[in-house]
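# Residue-level structure breakdown
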Amino acid sequence: VSKIELDEVIRLTSLVAERHSNSRYLDESYLLLGKARLYEGDFINATEVFKYLNSNNNSEEIRQQGLIWLMRSYLESKDLLKADEISKEISKLSIDKKNRADFYIVKAAFHQRNNEPALAAAFLDESLKYMKKSTKKARAHYIAGQLYSSLQRGSLARNNWLRVVKNKPTYDLEFNAGIELLMLGSDLGANANAVFLKMLEDRKNVDLKDKIYFKMAESKAKKGNYSSAIKDFSQSANLATNANQKASAYLKIAEIYHTKIQDYELASVYYDSTLININLRTPGYEEISKKANSLADFVKYQRVLHLEDSLQTLAAMNPLALESKIDEMLKTEDLEKKKNSEEAAKLVEAQNNEAISGNSGSSNPNKWFFYDQVSLSR
């Protein structure tokens, strides 16, 4: 939903509250107003609307929904204590099936934020019992699969991902569930890369290439092929249009450099890139931020120590050895500059050749017109 649409919802529901105080739709209008505020990230006003609805309503069902959304509002604003208080209040009520499903979903999100994946999975399982076949249920099964996967419960993860397909999923959900099942499969070994490459060639997946590269990189990282995994994570970040996807890819690269390769300088660079793109409400943001800041300080002091050691080593040399060392350093610097300029020249030449061939080349008769870039450009 776009901001323009949310603003229109806020305008219309506010009109009902201001001009039609006796309307039969007043409670529903307040509920929609609170939801729109919440989706816009205006947690303070959203919370006030849901609190008002809790005290002023004509329907017990609406009151229950208002409390559930109030809990969600506190959860989104990271006030876990208030969210827990509202949760206990809701638990005392005799809530109907539909509201029970929504309540258990928010409870699952609460425990996930509280770093309690087992409880989150349990409440998500409870919510699924009260949900009808729908895209919402497909999404809940997908998240349950992720939670069970993180708990090393492969069979439960598989069962949930298999059920995604049976509950009216979007193409993205079905695709992601398929990839998770592929990653979980026992036959992932030697054929994994070929399967991922086939997915990349499928025209239906043109908007999902960032996710394919991400999963391909994860499978390589599990096998210890870190250099290739870093390339695929980088490709995922380059192709991603979603900032959170970019952040996830950069975070994976940072973790590989930090814990596996132990190149702390590069790890620090990628942690910085993660912080630039990450959503501040992402679970674990504070931990990532602290790690990034600590690593940045460590790298800074490491550079100072390295420079100090180098200067002391040079200062301890006799004049002839020092002069020879400086000549060697200057020659190395000149060679690096020459190498960089040659590589830059080759890159420019390759780009020029590509542009010329693109302008003068003929179209491929075996391709459909709109898949042929040359024909399309003409």
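It should be noted that the structure appears before, not after, this text.
The residue numbers shown here count from 1 along each chain, following its written sequence. Totals for whole chains, interfaces and linings use all residues, but because this is a predicted model, local features are given only for residues with pLDDT of at least 70 and pairs of side-chain atoms are given and counted only at 80 or more. Remark: hydrogens and water are excluded; side-chain values derive from all non-hydrogen atoms of the structure.

### So, the overall build of the chain
A count of helical and extended segments in the chain gives 18 helices and zero strands. The contact rule is simple, with two residues in contact once any of their heavy atoms fall within 4.5 Å. Restricting to contacts in the chain with at least 6 residues of sequence separation, those with at least 24 account for 49%. As displayed, the chain has an accessible area near 23,600 Å², and 52% of this comes from carbon and sulfur atoms. Helix numbering and strand numbering both begin at the N terminus, where a helix is a DSSP run of H or I of at least 4 residues and a strand a DSSP run of E of at least 2. Methods summary: accessible areas were calculated by the Shrake-Rupley approach with a probe of 1.4 Å, and residue burial reflects only the protein chains presented.

### Remarks on the packing of aromatic side chains
Classification of ring pairs rests on two measures: the distance between centres of Phe, Tyr or Trp rings, Trp counted by its six-membered ring, which must be within 6.5 Å, and the angle between planes, read as stacked under 30 degrees, edge-to-face over 60 and tilted in between. Scanning the model with the defined rule gives 11 aromatic pairs in all. By the ring-pair criterion, three or more aromatic residues cluster together here, those being Phe103, Tyr104, Phe123 and Tyr130.

### Thoughts on unusual backbone geometry
A positive phi is found at Asn115, a non-glycine position, where the angle reads about 60°. Among the structural elements, Asn115 can be located in the loop between helix 6 (97-113) and helix 7 (117-129). Exposed residues in this analysis have more than 50% of their type's maximum accessible area, buried residues have under 20%, and partly exposed residues fall in between, with area computed by a 1.4 Å probe over protein chains only. For Asn115, a relative accessible area of 67% puts it in the exposed group.

### Here's the deal with the pattern of salt bridges
Any two side chains of opposite charge can pair, given that their charged atoms come close. One side-chain nitrogen of Lys or Arg within 4 Å of one carboxyl oxygen of Asp or Glu is enough to make a salt bridge. Tallied over the entire structure, the rule returns 18 salt bridges. A salt bridge links Lys3 to Asp7; the shortest N-O distance between them is 3.1 Å. One end of the pair, Lys3, and the other, Asp7, are both in helix 1 (residues 3-19), four residues apart, so they sit about a helical turn from each other. With relative accessibility at 55%, the residue Lys3 sits in the exposed group. Through salt bridges with shared partners, a single ionic network connects Glu180, Lys215, Glu218 and Lys252.

### Structural notes on the packing of helix 2 (residues 26-39) against helix 3 (residues 43-55)
Geometry is summarised by axes, namely lines fitted to C-alpha atoms with helices restricted to the contacting stretch, and by angles between N-to-C directions that run from 0 to 180 degrees. Orientation of helix 2 relative to helix 3, taken along the N-to-C sense of each, is 160°, at an axis distance of 8 Å. Viewed along their axes, helix 2 and helix 3 adopt a mutual orientation that is roughly antiparallel. Every pair of crossing elements has a handedness; the one defined by helix 2 and helix 3 is left-handed. Contact residues: helix 2 offers Asp27, Tyr30, Leu31, Leu33, Gly34, Lys35, Arg37 and Leu38, while helix 3 offers Phe43, Asn45, Ala46, Val49, Phe50, Tyr52 and Leu53. Split by residue class, the contact of helix 2 with helix 3 holds 10 nonpolar, two polar and three charged. The cut-offs work like this: below 35 degrees is roughly parallel, past 145 is roughly antiparallel, 65 to 115 is roughly perpendicular, and the gaps in between are oblique. Two helices cross in a left-handed way if the nearer one is turned anticlockwise from the farther one by less than a right angle. They cross in a right-handed way if the turn is clockwise. Amino acid classes used here: Ala, Val, Leu, Ile, Met, Phe, Trp, Tyr, Cys and Pro are nonpolar; Asp, Glu, Lys and Arg are charged; the rest, including Gly, are polar.

### Quick notes on helix 3
Its 13 residues place the ends of helix 3 19 Å apart at the C-alpha level, agreeing with the 18 Å of an ideal helix rising 1.5 Å per residue. Taken as a whole, helix 3 has its buried residues at Phe43, Ala46, Thr47, Val49, Phe50, Leu53 and Asn54. The buried residues of helix 3 occupy one face: seen down the axis, they fall within an arc of 160°. In helix 3, the exposed positions that point more than 90 degrees away from the buried face belong to Ile44 and Ser55. Where helix 3 is buried, its residues touch helix 2, helix 4 (60-76) and helix 5 (80-91). Each helix should span, by expectation, one fewer than its residue count multiplied by 1.5 Å. Each C-beta atom gives one direction from the helix axis, and the arc is the one those directions make.

### Digging into helix 1
The terminal C-alpha atoms of helix 1 lie 24 Å apart, and with 17 residues this matches the ideal 24 Å at 1.5 Å per residue to within 8%. For helix 1, every residue scored as buried is listed here: Leu6, Ile10, Thr13, Ser14 and Val16. Along the axis of helix 1, the buried residues cluster in a sector spanning 155°; they form a single face. Exposed and oriented more than 90 degrees from the buried face of helix 1 are Ile4, Glu18 and Arg19. Taken together, the buried residues of helix 1 touch helix 2.

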